[in-house]
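# Overview (structure and organization)
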Amino acid sequence: MFKNLNKTFKFFLRKQSTIYALSSGQGKCGVAVIRVSGASTELALKCLTGLTNPKPRTAILRSIKHPSSHEVLDKGLVLWFPGPHSFTGEDSCEFHVHGGIAVVSSVLNALGSLPDCRLAEPGEFTRRAFHNAKLDLTEVEGLADLLQAETEIQRKQVIWSALSKLYNRWRGSLIKSVAHVEAHIDFEETETIDEGVLDLVVQEIQIMRDEIRKHLNDGRKGELLRTGVKTVILGAPNVGKSSLMNLLCKRPAAIVTPIEGTTRDILEVTLNIGGYPLVLTDTAGLRSETNDIIEKEGIIRAKNSYDCADLVILVLDSLKVYSWLHNHPPSSTSDYLKCYIEKLGLYDLINKECVIVFNKSDLVQDLLDLQNSEIVHLSCKSEDGVSNLVNTIGNKLRKLCGEPSAEHPSMNQVRHRQHLSNCLKCLDSSLDRSSSDTVLMAEHLRKALRHLGYLVGATTTEQLLDVIFKDFCIGK
Ligand SMILES: Nc1nc2c(ncn2[C@@H]2O[C@H](COP(=O)(O)OP(=O)(O)OP(=O)(O)O)[C@@H](O)[C@H]2O)c(=O)[nH]1
Ligand SMILES: [K+]
Ligand SMILES: [Mg+2]
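These numbers were taken from a predicted model, which means no experiment stands behind them.

### A few points about the overall build of the protein chain
Across its full length, the protein chain carries 17 helices and twelve strands. Out of the 476 residues belonging to the protein chain, those deemed buried represent 33%. Put simply, 65% of the contacts in the protein chain that link residues at least 6 apart link residues at least 24 apart.

### A word on the sheet that holds strand 5 (residues 92–98)
Here we have six strands laid out as an open sheet, ordered 3-4-5-2-1-6, and mixed in their pairing. On the outer flanks of this sheet lie strand 3 (60–65) and strand 6 (117–119), each paired with one strand and no other. Geometrically, the sheet is characterised by an average inter-axis angle of 30° between neighbouring strands, direction not taken into account. Sheet analysis places strand 1 (residues 18–22) next to strand 6, joined by three bridges and oriented parallel. Looking across to strand 6, one finds that Ile19 is bridged to Arg118. Sitting on the sheet, helix 2 (residues 41–49) touches strand 1, strand 2 (31–37), strand 3, strand 4 (72–81), strand 5 and strand 6, and the angle it makes with strand 3 is about 75°.

### What to know about the site of ligand 1
Ligand 1 sits among 23 residues. The nearest are Gly240, Ser242, Ser243, Thr263 and Gly285. In terms of residue count, helix 10 (residues 241–249) provides more of the shell around ligand 1 than any other element does, three residues in total. The residue makeup of the shell around ligand 1, split by class, is six nonpolar, twelve polar and five charged.

### Quick notes on the sheet that holds strand 8 (residues 267–273)
Reading across from one edge, 8-9-7-10-11-12 is the order of the six strands in this open sheet, with mixed pairing throughout. Lying at the two open borders of the sheet, with one neighbouring strand each, are strand 8 and strand 12 (375–377). The sheet shows a mean angle of 25° between the axes of neighbouring strands, taken without regard to direction. Helix 11 (residues 293–307) contacts strand 7 (229–235), strand 9 (276–282) and strand 10 (311–317) of the sheet and is inclined by roughly 140° relative to strand 7. Here helix 14 (residues 386–401) sits on the sheet and contacts strand 7, strand 8, strand 9, strand 10, strand 11 (353–359) and strand 12; the angle it forms with strand 11, its principal contact strand, is near 175°.

### A closer look at helix 4 (residues 124–131)
Count 3.6 residues to each turn of an α-helix, and residues three or four apart come out pointing the same way. Burial in helix 4 covers these residues: Phe125, Arg128 and Ala129. End-on view of helix 4: buried residues confined to an arc of 105°, all on one side of the axis. Phi turns positive, to about 60°, at Ala133, one or two residues after helix 4.

### What about the nonpolar core?
Core analysis: the largest hydrophobic core is formed by 38 residues, its most contacted members being Ile233, Leu234, Val312, Val315 and Val357. The biggest single contributor to this core is strand 10, with six residues. Setting aside anything within four residues of it in sequence, one finds Val357 in contact with Leu244, Ile313, Leu314, Val315, Leu316, Val376, Leu378 and Leu389. Counting 25 residues, the second-largest nonpolar core is a separate cluster that includes Leu48, Phe81, Val107 and Leu111.

### Description of the confidence of the model for the protein chain
Taken residue by residue, the protein chain gives an average pLDDT of 83. The fraction at 70 or more is 81%. Confidence, read as mean pLDDT per element, is least for helix 1 (residues 2–15) in the protein chain (40) and greatest for strand 10 (97). Of the regions scoring below 50 in pLDDT, residues 468–476 engages in six contacts with residues more than four places distant in sequence or in other chains. Model confidence for the complex is summarised by a pTM of 0.60, with the ipTM given as 0.99.

### Overview of the environment of Ile299
The topology assignment puts Ile299 in helix 11. A tally of 23 C-beta atoms within 10 Å means that Ile299 is categorised as buried. Sequence spacing of Ile299 and Leu286 is 13 residues, and the spatial spacing of their C-alpha atoms is 5.9 Å. Once residues within four sequence positions are removed from consideration, Ile299 is found in contact with Ala284 and Leu286.

### Considering the pairing of strand 7
Of all the seven residues making up strand 7, six are buried; the element is thus mostly covered by neighbouring parts of the structure. Pairing analysis gives five bridges linking strand 7 to strand 9, with the strands arranged parallel. Bridge pairing in strand 9 links Lys230 to Val279. Of the strand pairs in this sheet, strand 7 and strand 10 are connected by five bridges, and their pairing is parallel. Residue Leu234 lies in a different strand from strand 10, and its bridge partner there is Leu314.

### Here's the deal with the pairing of strand 5
Here seven bridges tie strand 2 to strand 5, and the two strands are oriented antiparallel to one another. Residue pairing across strands places Val31 opposite His98, the latter belonging to strand 5. Direction of pairing for strand 4 relative to strand 5: antiparallel, over a ladder of five bridges. Bridging across to strand 5, Phe81 finds its partner in Ser92.

### Considerations on unusual backbone geometry
In this model, Gly83 is joined to Pro84 through a cis peptide bond whose omega is 0°. Mapping Pro84 onto the fold places it in the loop between strand 4 and strand 5. Along the chain, Pro329 connects to Pro330 via a cis peptide bond; the corresponding omega equals 0°. With respect to the secondary-structure elements, Pro330 resides in the loop between helix 12 (318–327) and helix 13 (333–344). Located in the positive-phi region is Asn53, a residue other than glycine, with phi close to 55°. Checked against the element boundaries, Asn53 lands in the loop between helix 2 and strand 3. Exposure remark for Asn53: the 9 C-beta atoms within 10 Å place this residue in the exposed category. Phi at Arg57 takes a positive value of approximately 50°, unusual for a residue other than glycine. Within the secondary structure, Arg57 is located in the loop between helix 2 and strand 3.

Reading guide: rules and limits
- Residues numbered from 1 in each chain as written.
- Chains lettered and ligands numbered in written order.
- Predicted model: local features only at pLDDT ≥ 70, side-chain atom pairs only at ≥ 80, totals over all residues.
- Helix = DSSP H or I, 4+ residues; strand = E, 2+ residues; numbered from the N terminus.
- Buried ≥ 20, exposed ≤ 12 C-beta atoms within 10 Å, placed from the backbone.
- Contact = placed C-beta atoms within 7 Å.
- Pairing = 2+ DSSP bridges.
- Axes fitted to C-alpha atoms, helices over the stretch in contact; angles between N-to-C directions.
- Near = placed C-beta within 6 Å.
- Nonpolar A, V, L, I, M, F, W, Y, C, P; charged D, E, K, R; others polar.
- Arc of directions from axis to C-beta.
- Core = buried A, V, L, I, M, F, W, Y, C linked by C-beta atoms within 7 Å.
- pLDDT = per-residue confidence, 0-100.

Spelled out as structure tokens, the structure:
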């Protein structure tokens, strides 16, 4: 078996060429960083800069020349990171050159002229770091998220090391449990094993199962933070939905006119409110009395967005509320709201997170008494009430996404949820006390372990052997 492993490993080494790429942003910039990784890195350094035996991790100013024409391409800083103490785990180096397009492409071409050197594929540096056990899968995902994180809280949530630590702790404890159950099975007859071992395993599995269950019940907080909270603006025609959208995104994204039924298509903008990512959708005004087929289609689309929304911003026209109240004494604003929601056909609104906006407050004399923190007065015209609206939305977002912290990392990947749910199912089966079959229990635990392994991208056989040898001193 080891012989085969060695062969595979050598094959892998032979296949690995040295890769290079521009790792700072594309286009004109002050300094560009070109990264090289792989076995021929040292050779590349020597051919381009004449350096032999450079001091590791130290910036050295050198002329960078083409290896065959010896033409000076640029003068820049060069850094050498011998493996395994580099990002990828391989020998690596960096060229910090002037950021012009011509300079960058001439250095890339020079590297390309060396044997075994080729341009890196997207993500290849990270993939090599993963292969060399510099990062586990959750950390790789974390790095990708970090590069994409647009808002402050998203950045905070990219606490992949915390997630990775948590998953690896579960995995470590499960590896131990599997090893203990297997040893129990193997040594049952010889009575060299303590009976209490099995009870301890059951206890540990119960604790882990509860922890994973709690982690899974986080209300999709991490995922929301990663993909953005789907927020839909809804209301009757002409109440000012598109005006509200434009006000929040600070540009005339949607068409606003005094004509009812202006908006038909779904319009989406991405926003950052209080550090939380938001995908805001403007929709067609909801009404049943229209014969316009385009508007009808718009209303169907609005209802569809409502169905998959995480947050609803319900907009009303204050002037209409005012006159309705005048004509229907002694009704209250909450009576109006009930009728309004019913008329729009939003029966299950109660099950959604919702912010209610009484718009066009500039048109009424006295503000209506609302007595509800989820309702805000607003005038899109005078912009009165905007900060109150933003705060109210911000509170909702905090409720939906939570405040991620390193102590309570939340799941940010659908993939994590799948593997963890599968793992949980297996743990439940392993604890099914109706059968006292330890062989079956071990089988369920091994399956659970496999799912945690998929999660962090690791195999388990060797670690299992480690525990078996360490904990039981087999062959002593
Ligand atoms: N006085 C006043 N007028 C407003 C306010 N907000 C919007 N309006 C006006 O109300 C009219 C309708 O605004 P829109 O933003 O197009 O309303 P809508 O809800 O998107 O309309 P539809 O897309 O047709 O359903 C426009 O003439 C706006 O200028 C406000 O706060 N005060
Ligand atoms: K309109
Ligand atoms: Mg509109």
